[in-house]
Structures are given as C-alpha cells and as structure tokens.
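Each chain is listed here by its residues.
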Amino acid sequence: MDALPVARLQFATTTSFHFLFVLLTLGLVTLVAVMQTRWTLGGKPELLRMTRFWGRLYVINYALGIVTGIVMEFQFGLTWTGLSAFAGDVFGAPLAIETLVAFFLESTFLGLWIFGFGRLNKWLHLTLIWLVTLTAYASALFIMLANSFLQNPVGSRLEGGTLHLDDFGALFSNPALVASLPHVLSAALVTGGFFVVGVSAYHFLKRTTEVEFFRRSMRIGVVAALVGSIFVVNQGFAQFGELKMYQPDKLDESVVGMPLGAMIGLGFLMFVCAILGTLLLFRNWVTKARFLHYLMVAAIPLPFLASIMGWLVRELGRQPWLVWGKLRTADAIADVPAGQILFSFIAFSLLFAALAVADWVLMARVAKRGPDPVEEEPAELPVLSGV
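Quantities reported herein were computed from a predicted structural model and do not represent experimental measurements.

Caption draft 1: Structural detail: the overall build of the protein chain. Helix and strand counts for the protein chain stand at 13 helices and four strands. The buried share of the protein chain, taken over its 387 residues, is 55%. Partitioning the contacts of the protein chain with sequence separation of at least 6, the portion at a separation of at least 24 is 82%. Counting only carbon and sulfur atoms, one obtains 70% of the accessible surface of the protein chain, whose full area is about 16,500 Å². Distance between charge centres in the protein chain, computed from 26 positive and 24 negative side chains, equals 14 Å.

This is the structure in structure tokens:
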C-alpha cells in the first residue's frame, strides 16, 4: 500500500472538517458582536435576546471546533514529521502564536463573556465580545500565515538541509497571503450571514410568533451575506493575479479544473441568493415570501461547499510540493507503515463524523427551539440548557 495518497486524504479530511467549523465560528462571532453593540448603544430588548440566542449557537460551534483543531494537530505530528524537521523553524512560529491567541486569549475572553451576562458592566461586557472577535481574526491571520508560507516560502533560507526564518515580517507581506486572507474572512462573513438568514427563514416557514426578533436577525444576516459575497467574489479574482507571482502554472493544471469551476459557480450563486434575500428586508415580504424562505434555508450549505472547493484549488494546485519548490509532499511523510496511517485516518474520520453529527444535532435543537421567552432573562448565557 502506498502511504502518500492515504496521508494526503487524511490531511484533506482533517483540515477541511476543521475549516468548516472555523468559518461558521468567525462569521457568527462577528454578527453577535454587532448585535450586542447595537443593544449596548440603543438598549432595545430584542437585540439583547438576539445576542443571547445567536451567541448560544456560536458557543456550541466554537466548542466542538476546538476539538477538531486538536485532532488536526495530532495528524500533523503523526503523519507529517518531515515537514516539522524541514520547515519547523518557520512553519511552527505562526502556529505557536495562533495556539496562544486562540487557545488562551480567545477562550479566556469567551469564558468571561459567557459568565458575564448580568454580572458585568454592559460596556465591559461589550468589550469582551469584541476581544473574542479580534482574537478569532488574529487566529485566522496566523493560520493563513503558515498556509501561505507553504504556498510561497518567503522570509526563509535553506541551510544544513532545513529552512530557517530570516525575516518574520516577510510572512505578513507574502503575496500568497495578501488576497487570500480577505477572501477567507469574507467567506466567514458570508457563512455566518447565510446561517442567520436560513435559520430565521425556517422560523418564518413555521409561522413563528417571534416576528420582530427574526426580522431583525434576518436583516443583519442579509447585509452580512450580501457584503461578504461581494468581497468573496472580488478577492477570489484578486487571488488569480497574485498566483502569477508565485505559482504561475497553478490554474493551468487539470487537477484543479473541477473544484475551480465549482467554486466560481457557487460564488456567483451565493451572490444571487444574497441579492434575492434583500427582498426579505421589505416589511411585507419578510413574513409572506415563502418561496424566498425555502430558498434561504436551502442556501445554508452553499458557503461551506464553496469554501471546500476553494480549499481544494489552493491545496491541490501546490502538488507535488508541500513547501512550494522546497519540499515534496512525498518527502514530508513520517517514516511509518502505510497501514498505520490508514488506521489513524479511519479513526480521525470517525471522530470527525461524530463531532459533525453532535454539532448539527445540538445547533439544530437550539435553532429550532428559538430564543428564550421575553419574561425569562437568565443572568448568564445558558449554552447547553435544554439541548
């Protein structure tokens, strides 16, 4: 058995699963921060209830996403020891910073935010959710720094058979990062927007009595989906220009043709759905346009599918290199039997499947149940109560 295709499939599965959790986490935390900001400035009770409801969904996805990230780190250590040996001095630096930012700062701020409802000053509490948001975006930055280095290994020199970091600042100006980071962040905004719109549309289909609650939620979600869609398409095409600088033949390789076409098609489809969704902002349409409600519910998976296609374009086009022009993928695999890699791949896949089902079940239950009744104002965010 050849270990290379199994190892590549394992890498694709673990990273793409984790990426889906990250997208929704980044998108939802941004919208929750906006909702809480509007409540803090205006004081309308509906905005506080929105902050609690959508914040609860965000926390569930964040918690399970952390577990997928830990599993992804395991597969790096088990399967890709050649990468660590060859480029660990460079590749490991942004990943170490990301771990400190995501695992310590972000989690700490989030814990204070969750248990600070009704206990902290509202301005301090608002500061906490924005700190959670900023550290989440910082985490995305450092992950993309590491990934962009694999695409275009700037700021390093080859010495003694290993890469050494010469210029940490060069990682931030890497052409592979300049367009891809805004593209990923826009994709997260689209994902959060479509999720909020889809869940709100579901409740309108069920003839909800919480009309004002989900009308306001849908308005924020539609704006996020539309703005994010515009930037996703724009930054996606901007990346094509950047590619000519460091991987000029990438888009000419038939290995990337199918996912590239699917990504472009899904991107424009999301843009069209976001435009149609703006019709729901009209007061008379938001409760009556049932065909648009069905469309918005069906559109929830679109950003996830488009993101996976985009990831495939970015990663498949780099082959046969793991570090472009420096380290081949086949040379980065750990010196272990192919059967062992297959076993870990199956184990990781089963674990990810269980986490995905758990995330879906928990979020679906909370989403279907809807917000807490007006008369119930718990002192803290009851993340898993009643799920």
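Caption draft 2: Representation of the packing of helix α7 (residues 180–205) against helix α13 (residues 338–369) in the model. The interhelical angle for the contact between α7 and α13, taken along N-to-C directions, is 50 degrees, at an axis separation of 9 Å. Considered as vectors, α7 and α13 are oriented oblique to each other. Here α7 and α13 pass one another in a crossing that is right-handed. Touching F195, V199, Y202 and H203 of α7 are M363, A367, K368 and R369, all from α13. Among the residues forming the contact of α7 with α13, the class breakdown is five nonpolar, one polar and two charged.

Caption draft 3: Looking closely at the packing of aromatic side chains. For the coordinates displayed, the defined rule picks out 15 aromatic pairs. For the pair F11 and F76, a centre-to-centre distance of 5.8 Å together with 75 degrees between the ring planes defines the contact as edge-to-face. Of the two residues, F11 sits in helix α1 (residues 3–42) while F76 sits in helix α2 (residues 45–79), which places them 65 residues apart along the sequence. Relative accessible area serves as the criterion here: at 12%, F11 is assigned to the buried category. Aromatic rings pair up to connect F11, F76, W80, F91 and W311 into one cluster. R328 extends its terminal NZ or CZ atom over the ring of W321, reaching a point 4.4 Å from the ring centre.

Caption draft 4: Quick look at the packing of helix α4 (residues 122–151) against α7. One can describe the packing of α4 onto α7 by two numbers: an axis separation of 10 Å at closest approach and a directional angle of 135 degrees. In terms of orientation, α4 lies oblique with respect to α7. Like other packed secondary-structure pairs, α4 and α7 cross with a definite hand, here right-handed. Counted together, Y137, A140, L141, M144 and S148 of α4 and S180, L181, V184 and L185 of α7 form the full contact between these two elements.

Calculation notes
Residues numbered from 1 in each chain as written. Predicted model: local features only at pLDDT ≥ 70, side-chain atom pairs only at ≥ 80, totals over all residues. Heavy atoms only, no water. Helix = DSSP H or I, 4+ residues; strand = E, 2+ residues; numbered from the N terminus. Buried < 20%, exposed > 50% of the residue type's maximum accessible area, 1.4 Å probe, protein only. Contact = heavy atoms within 4.5 Å. Areas by Shrake-Rupley, 256 points an atom, 1.4 Å probe, with all protein chains shown as cover. Lys, Arg positive; Asp, Glu negative; His and termini not counted. Charge placed at Lys NZ, Arg CZ, Asp CG, Glu CD. Axes fitted to C-alpha atoms, helices over the stretch in contact; angles between N-to-C directions. Parallel < 35°, antiparallel > 145°, perpendicular 65-115°, else oblique. Left-handed = near helix turned anticlockwise from the far one by under 90°. Nonpolar A, V, L, I, M, F, W, Y, C, P; charged D, E, K, R; others polar. Phe/Tyr/Trp six-rings, centres within 6.5 Å; stacked < 30°, edge-to-face > 60°. Lys NZ or Arg CZ within 6 Å of the ring centre and 35° of its normal.

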